[in-house]
Amino acid sequence: MEFVVYEAKGAVGTITISREKALNALNSQVLEELDQTLDAVDLSTIRCLILTGAGEKSFVAGADIGEMSTLTKAEGEAFGKKGNDVFRKLETFPIPVIAAVNGFALGGGCEISMSCDIRICSDNAVFGQPEVGLGITPGFGGTQRLARLVGPGMAKQMIYSARNIKADEALRIGLVNAVYPQEELMAAAEKLAGSIAKNAPIAVRNCKKAINDGLEVDMDQAIVIEEKLFGDCFETEDQKYGMAFFLDKNKEKVKEPFKNC
Ligand code: CAA
């Protein structure tokens, strides 16, 4: 891979978009490499992913403007689909994905962060959807996910005005969960990922699916989705062990890692 680096440490995998000379902008090759990287994640051992960008300046500065500049209408639509397909794979990936936003998250960069389950950022992060200033709409899910995350009023203001926001404002509107000094960001992401990875894997996966699928339907259907995924956890070794551990009154006992079965 030329532009995507993957590293597994224990139960946490880190994907780094590494195209620093273009501030990690997403061209077709980066999108293809991301797709292949996700397909290659070993889900028997990895329980949480972190997505970040190389360097200290930019997470992802958007889709590649040079590549887009000469596209026809049909090619533009196909490029949008290429990004959307990868981002949807990330959004529906079986295990949680944390975006560690280490700088510019503009256009496709803001959009890829919104395909992740959780966003945390460095204090120099900048978020925005500058597309209308380039003569296009956000095309990798921005018109849909931003409105769902921060509400339609704030999303419309950001998208129509193409105004970028800094980390503190992103925190205030709920686009990110926390802001850290740049040098502490990855440690914070790893700590959060570790706290997720230590919990029962089937239960964590089912929580992700229940939240994601439930948000797409009305409450009557959503609670049925929850009931099925709740029921699915029973009879697993992790459920039996987790509950037996709680019920065991022996104070000397030490909790074993969950086994993913
Ligand atoms: N596409 C292609 N190249 C990009 C890029 C992008 N999105 N963003 C930055 N680069 C390149 C620059 O062209 C420059 O390359 P050269 O050194 O070869 O000239 C290099 O990265 C460094 O960028 P700057 O010199 O511009 O750095 P800066 O510090 O002055 O500015 C910035 C940083 C404010 C992020 C600025 O680069 C910028 O505005 N980038 C574009 C941001 C943007 O508009 N993103 C949205 C793209 S559209 C989109 O994403 C559509 C979609 O929804 C699918």
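Above this text is the structure in question.
## Focus on the pairing of strand S3 (residues 48-53)
Regular strands show a simple pattern: their side chains alternate between the two faces of the sheet. For S3, a buried count of 6 out of 6 residues is recorded, marking the element as mostly surrounded by other parts of the structure. In the sheet, strand S2 (residues 12-17) pairs with S3 via 6 bridges, with the strands oriented parallel. Residue pairing in the sheet places Val12 in a bridge with Cys48 of S3. The parallel pair S2 and S3 is bridged by helix H1 (residues 28-40), and the resulting crossover is right-handed. The pairing of S3 with strand S5 (residues 97-101) spans 3 bridges and is parallel. Note on S5: the bridge partner recorded for Ile50 is Ile98.

## Observations concerning the layout of surface pockets
Here the largest pocket is characterised by a volume of approximately 760 Å³. Contributing to the lining of the largest pocket are 24 residues, with Glu91, Met114, Ile211, Asn212 and Leu215 lying nearest its centre. Sorting the residues of the lining of the largest pocket by element identifies helix H3 (73-91), strand S7 (118-122), helix H5 (142-150) and helix H9 (201-215) as the ones contributing at least two each. The greatest single-element share of the lining of the largest pocket, amounting to 6 residues, is contributed by H9. Reported here for the second largest pocket is a volume of approximately 540 Å³. Forming the walls of the second largest pocket are 25 residues, and the residues nearest its centre are Met68, Phe79, Glu131, Ile136 and Thr137. For the lining of the second largest pocket, the secondary-structure elements that each account for two or more residues are helix H2 (65-68), H3 and helix H4 (108-114). The leading source of residues in the lining of the second largest pocket is H3, at 5 residues.

## Brief notes about the packing of H9 against helix H10 (residues 219-233)
In contact at an axis separation of 9 Å, H9 and H10 are set at 170° when each is read in the N-to-C sense. The orientation of H9 with respect to H10, classified from their angle, is roughly antiparallel. Residues Ile202, Ala203, Asn206, Lys209, Ala210, Asp213 and Gly214 of H9 form the contact with H10, whose own contacting residues are Ala222, Ile225, Leu229, Asp232 and Cys233. Of the residues belonging to the contact of H9 with H10, the class tally is 7 nonpolar, 2 polar and 3 charged.

Calculation criteria
- Residues numbered from 1 in each chain as written.
- Predicted model: local features only at pLDDT ≥ 70, side-chain atom pairs only at ≥ 80, totals over all residues.
- Heavy atoms only, no water.
- Buried < 20%, exposed > 50% of the residue type's maximum accessible area, 1.4 Å probe, protein only.
- Helix = DSSP H or I, 4+ residues; strand = E, 2+ residues; numbered from the N terminus.
- Pairing = 2+ DSSP bridges.
- Right-handed = clockwise from strand over helix to strand, strands pointing away.
- 1 Å grid on protein atoms, 1.4 Å probe; cavity = no way out; pocket = protein on both sides within 12 Å on 5 of 7 lines; lining within 4 Å.
- Points joined across faces, edges and corners; volume = space filled by probe spheres on them.
- Axes fitted to C-alpha atoms, helices over the stretch in contact; angles between N-to-C directions.
- Parallel < 35°, antiparallel > 145°, perpendicular 65-115°, else oblique.
- Contact = heavy atoms within 4.5 Å.
- Nonpolar A, V, L, I, M, F, W, Y, C, P; charged D, E, K, R; others polar.

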